[in-house]
Every structure is written in structure tokens, then in C-alpha cells.
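Spelled out, the chains give:
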Amino acid sequence: MARAIWLGAAAVLTSFALVVSAQAQSTDASDKSAEELQEMFKEQKTRGLAIAPAAGGSAPAATATATTGTTTTLAAKPVATDFTPVAEGTEVNIRISFDFDSALLRDDQKPRLGNMCAAIKAMDSEVFRIVGHTDAKGSDSYNEKLSLLRAKEVKRYLVSSCGIDETRLEAVGAGETHPANASNPNADENRRVEFQLIS
């Protein structure tokens with residue numbers, strides 16, 4: 001009897017682990033085609049997207065970046081860091097790897113943004129929010145700044161290399177507050193960039 005209970009509990013835990021793993025993988029849109037990404041954005045719009053303003057009406061100072069060549073300069077700038085996640089299952093997350101303590105977009109990661117570039121161009125009048133996310137390593141304030149820097153670097157790349165009008169892109173940092181894999185806040189899949197269709 002005890003063995004049957006133990007086997008049943010083990011089966012439930014295994015099923016739960018598979019569901020959590022599948023959810024984390026299902027939010028990764030890195031390998032989606034431009035057409036599939038457009039459909040994902042249509043799903044966001046259909047299910048409704050609510051963007052929350054920064055708490056208290058004013059955003060805390062965060063760090064913005066300007067990159068020239070291999071040099072990144074920092075400047076304090078107030079930004080909106082609070083947002084409402086889109087409906088579960090409609091997230092459009094691109095898993096971009098950055099070097100430790102860096103917001104510079106590596107050359108090997110740029111192809112991951114190719115289909116996103118094509119999808120945004122095809123939706124020629126829509127406005128998108130780029131939300132940077134981190135894992136839970138580091139302090140809250142550090143992760144908030146790092147996530148913003150990374151979102152801004154992705155925006156810079158889409159504007160300079162893809163020719164997207166910068167007025168169609170907004171960059172914010174969410175730090176570690178909305179992990180893709182909540183059961184493991186330090187997991188690699190929590191380091192990502194999310195795209196939200198906002199108008």
C-alpha cells in the first residue's frame with residue numbers, strides 16, 4: 001500500500017515537472033517564423049493586453065545605454081518599469097544570451113531577432129514594447145537596470161540594423177519580477193526579452 005502511494009506521488013511530481021518544463025519551453029519564440037510571430041501577436045490583441053503604469057505614477061531612475069562600437073555609456077533616465085504581463089500562453093519571448101554583466105548584443109544572438117524584425121515590419125502600423133527580463137541572480141535594483149539595458153540594446157539593434165522606426169518600439173526593464181520558470185528563478189530561460197503588442 002505504501003509503495004502504491006509512493007509510486008502515485010512520484011507520478012504526480014513527474015507530471016508536474018513535465019508541465020512546468022513545457023510551459024517554460026512554450027514561451028520561447030526564438031525559433032518561430034515571422035508569420036508565426038504575427039499570429040502570436042494577433043492572439044495577444046484578441047485576448048486583450050493591459051499595460052500598467054509605473055507604481056505611484058512616477059518611475060524610478062534607471063540606467064539607459066548608448067552603444068558606439070564596443071563602448072557602452074550609461075546615463076540615468078526615468079523609465080516605466082512596471083507592466084502587466086500578457087495572458088498566459090500569449091507571451092512572445094526571445095531567449096537572447098548576453099555575456100555576464102553585459103548588455104551588448106552578441107553577434108551570435110542577432111539571428112534570433114531576424115524573424116522578429118520581419119514580423120514587426122509586416123505589422124507596419126503597430127507599436128511594440130520590448131521588456132527585458134533577468135534571472136534572480138544579483139540584487140533587485142541591479143537586475144532592473146540590467147534588464148532595461150538589454151531591452152534598450154535590442155531596440156537599438158532593431159532600429160539600426162532592421163530599419164524599424166524607433167517610435168514603434170518602447171523598451172522597459174522588469175528585472176527578475178516575472179520569471180518564465182517560477183520554480184527555478186535562476187534558470188537560463190528567465191533571461192529573455194519579451195515583445196508586447198501595445199497598439
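Scope of this entry: the structure provided in the associated data block. All residue numbers refer to positions counted from 1 along the written sequence of the respective chain. Given that this is a predicted model, residues contribute local features only at a pLDDT of at least 70 and side-chain atom pairs are listed and counted only at 80 or more, while totals for whole chains, interfaces and linings are drawn from all residues. With hydrogens and water stripped out, all remaining heavy atoms of the structure feed into the side-chain values.

Quick notes on the overall build of the protein chain
Right, so step 1: Helix numbers and strand numbers start at the N terminus; a helix is a DSSP run of H or I with at least 4 residues, a strand a run of E with at least 2. The secondary structure content of the protein chain amounts to 4 helices and 6 strands.
Right, so step 2: Listed by position from the N terminus, the elements making up the protein chain come as α-α-β-β-β-α-β-α-β-β.
Right, so step 3: A simple rule labels every residue: compare its accessible area, found with a 1.4 Å probe on the protein chains alone, to the largest value its type can have, and call it buried under 20%, exposed over 50%, or partly exposed in between. Counting every position in the protein chain, which comprises 199 residues, the buried fraction comes to 40%.
Right, so step 4: Here, two residues are considered to be in contact whenever any of their heavy atoms come within 4.5 Å of each other. Restricting the contact set of the protein chain to residue pairs at least 6 apart, pairs at least 24 apart contribute 76%.
Right, so step 5: Note on areas: these come from Shrake-Rupley sampling with a 1.4 Å probe, and a residue is covered only by the protein chains present in the view. As presented, the protein chain carries roughly 10500 Å² of accessible surface, and 54% of it is formed by carbon and sulfur atoms.

Examining helix 4 (residues 140-162)
Right, so step 1: Expected span of a helix, by definition, is 1.5 Å for each gap between consecutive residues, and there is one gap fewer than residues. With 23 residues, helix 4 should reach 33 Å at 1.5 Å per residue; the first-to-last C-alpha distance of 32 Å fits that figure.
Right, so step 2: Just past helix 4, the residue Gly 163 takes up positive phi, approximately 75°.

Considerations on the pattern of salt bridges
Right, so step 1: In the sections that follow, a salt bridge refers to a side-chain nitrogen of Lys or Arg positioned within 4 Å of a carboxyl oxygen of Asp or Glu. Applying the stated criterion across every chain, the model contains 7 salt bridges.
Right, so step 2: For Glu 39, the salt bridge goes to Lys 42, with nearest N and O atoms at 3.4 Å. Here Lys 42 and Glu 39 lie together in helix 2 (residues 34-47), a separation of 3 residues that amounts to about one turn.
Right, so step 3: In this structure, Arg 191 and Asp 188 form a salt bridge, with 2.8 Å as the shortest nitrogen-oxygen distance.
Right, so step 4: What makes Arg 191 partly exposed here is its relative accessible area of 27%.

Regarding the pairing of strand 6 (residues 192-197)
In the case of a regular strand, side chains alternate between the two sheet surfaces.
Right, so step 1: Buried residues dominate strand 6, accounting for 6 of its 6 residues.
Right, so step 2: Covered by surrounding structure in strand 6 are Arg 192, Glu 194 and Gln 196 together with Val 193, Phe 195 and Leu 197, the residues of both alternating faces.
Right, so step 3: Sheet topology places strand 3 (residues 92-94) next to strand 6; 3 bridges connect them, and they run antiparallel. Along strand 6, the bridge assignment pairs Val 92 with Phe 195.
Right, so step 4: Here strand 4 (residues 128-133) pairs with strand 6 via 6 bridges, running antiparallel. Looking at strand 6, one finds that His 133 is bridged to Arg 192. Strand pairing is defined by DSSP finding a minimum of two bridges between the two strands.

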